[in-house]
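Breakdown of the fold
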Amino acid sequence: MVGSVNIDEKISSVKFFVDEEYPHLRIKDEKVCLKCNEKPCLNFCPAGVYRLTEEGSILISYQACLECGSCRIGCPFENIIWSYPRGGFGVNYKFG
Amino acid sequence: MSDFSFDVVIVGGGPAGLACGIHLAKKGVKVLLIERGRFCGGKNLFGGVIYSESLKEIVPEFPKVDPFPAERPVTEEGYFIVSKEGVVKILHTKKTPEESFTALRAKFDNWLSEYALKKGVFIAPKTKVVDFLWKGSQITGVVLDRPKSFQDDRPTEISAKLVILAEGVNRVLTEKAGLVYGPFKPEEVVLAVKEVLQLPKGAMEVRLGVSENKGLAVEIIGEITSGLPGTGFLYTNKTTLSFGVGIFLKTLVDLNLKPYELHEKAKEHSIFKELFQGAETLEYGAHLIPEWGIKGLPKLYGNGVLVIGDSAGLVNPLFREGTNLAIYSGLMAADTAFSALEKGDFSAKTLKTYEDRFKESYIYKDLILLKDLKEFLFRNSHFFSIYPDMLYQSLSLYFSAQGRYKRDVIREIFGIIRKKRGLFGVLKDFLNIGRLFW
């Protein structure tokens, strides 16, 4: 069995054009996340975009988002405001 | 007053949108294709294999094209059935290798968009459609995320007689157009993660036994997904390998699993240890596969709008079809658009002929055929866990039966089947598979 896989290393193989001015993923209501026990977003997100802060809230590093759309529907409380990045921004696959 | 005006606006530069655009432009229709990526293909990812038969409909000279957009002809394809201990390989050598090719979408879709440009399709990359223009209940164009000009930062508006949605699996505009009732559910999509891997020079050919003009396309089931419903896949590109796993999003959410850990675990299975030795990850990626099937099929047409490709959920997971169905739906939509243009009527009533065409196609019939497949897989997850073990262990006995009375060997094999699934269970499974298709 593999130990914990370093997702940051995997993500570093992907080219992004980060939109510094406009985060395309946001939490609707942080209180909902605090009440969510399972926090599946920490796991199912293939880019590891969702991280837990020491205070127990969710931090979104939208810059590394692969735009798959899993969190739009995977969040059991529909607590994510989801959109694609603006045109030209975001993931830019070299191989795909 | 809108800023630009086109006969047809297509949203999304994947195979569906591009096929549709090429078909229309060839007939002289003024068509604009809007792509949010920096180029067509930059956001796209698949397993994957492309099929010549569909591509030839839009690029008749394929595969005799330069530059060549695909990777290798598929000369061998099949299944790896993986147990914890080993693998049973079922490989089929193709009589006509020009039928399908492995491909990488950033290159392939980009090539197709170059072809589309040459045929007269206007392409606007780096542009996102954020909304529709409406006239009553009729869609009459799109709103972009770009300002009108340096002096006027209101969003650009483009009017169109018809808008064709080829926006991919995350069908946000299709929802906005009122053609689907809410977002799809986690049990309706497979989340696939994939890596493009570079092996040391010459290693791929040696380790997989593929010479320069040969290619391998393999679906992998069993322990590759840790026995969960889903598949792995392995494709040989020109100088790289595509290797990935796809699992229902619902499974990942329910079991709180990390898809890239499953992927890494699959890579580290003993049967792949040698293959991936010294491999470097050139690119990691993830994508959803729409598997809502016929039950989640959106309404394919509305007033001034049509839906094609992944947005409609046109994939056949059992037969690994997707890009070809996307192309065909694009062609059917183009034919519909063309007759609507001739008639000068873009109401839902006229555009319904797209659905009529679709319902006559094998794509629709196949969706009906596979209507219960998803539920079947969820209900019968032992196909992914028990059967691969059973098959491997039985064959291990069969292939090492020398020096023994064979009746004992056969009895032992039956013993394994009885223990793992039970003879009645196996019989029931076969009947259930039969019932699924007949």
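You'll find chain B entered in an unreviewed UniProt entry as FAD dependent oxidoreductase, with Caldimicrobium thiodismutans given as the organism. UniProt, in its Sequence similarities (unreviewed entry) section for chain B, records the words "Belongs to the ETF-QO/FixC family."

You'll find chain A entered in an unreviewed UniProt entry as Ferredoxin-like protein, with Caldimicrobium thiodismutans given as the organism. Quoted verbatim from the Sequence similarities (unreviewed entry) heading of the UniProt record, the comment on chain A is "To ferredoxins from P.putida and C.tartarivorum, ferredoxin I from A.vinelandii, ferredoxin II from D.desulfuricans." UniProt, in its Function (unreviewed entry) section for chain A, records the words "Could be a 3Fe-4S cluster-containing protein."

Here we come to the domain arrangement of chain B. Residue and element names in this part refer to chain B. By the assigned domains, chain B splits into domain 1 (4–69 + 104–184 + 293–360), domain 2 (189–290) and domain 3 (381–437). Between the C-alpha centres of domain 1 and domain 2 the distance comes to 29 Å. Facing the 15 residues of domain 1 at the interface are 17 residues of domain 2. At the boundary of domain 1 and domain 2, one finds zero salt bridges. Inspection of the domain 1/domain 2 interface yields two residue pairs in polar contact (both at pLDDT 80 or more). Of the residues belonging to the side of domain 1 that touches domain 2, the class tally is seven nonpolar, four polar and four charged.

Moving on to the interface of chain B and chain A. Counting residues at the interface gives 53 residues for chain B and 43 residues for chain A. Approximately 3900 Å² of surface area, both sides summed, lies buried where chain B meets chain A, with 55% of it carried by carbon and sulfur atoms. Lys10 of chain A is paired through a salt bridge with Glu195 of chain B; the nearest N and O atoms lie 2.5 Å apart. Counting across the interface, chain B meets chain A through 26 residue pairs in polar contact (both at pLDDT 80 or more). Breaking the side of chain B that touches chain A down by element, the ones donating at least two residues are helix H3 (105–118), helix H4 (172–176), strand E11 (189–198), helix H6 (249–255), helix H7 (259–267) and strand E15 (280–290) of chain B. The element contributing the most residues to the side of chain B that touches chain A is E15 of chain B, with eight residues. Looking at the side of chain B that touches chain A, its residues break down into 23 nonpolar, nine polar and 21 charged.

Basis of the calculations
Residues numbered from 1 in each chain as written. Chains lettered and ligands numbered in written order. Predicted model: local features only at pLDDT ≥ 70, side-chain atom pairs only at ≥ 80, totals over all residues. Heavy atoms only, no water. UniProt positions renumbered as here; feature names shortened; annotations may be inferred. Domains from an automatic or database assignment. Contact = heavy atoms within 4.5 Å. Salt bridge = Lys/Arg side-chain N within 4 Å of Asp/Glu carboxyl O. Polar contact = N/O pair within 3.5 Å; in protein donor to acceptor, adjacent residues only side chain to side chain. Nonpolar A, V, L, I, M, F, W, Y, C, P; charged D, E, K, R; others polar. Buried area = accessible area lost by both parts, 1.4 Å probe. Helix = DSSP H or I, 4+ residues; strand = E, 2+ residues; numbered from the N terminus.

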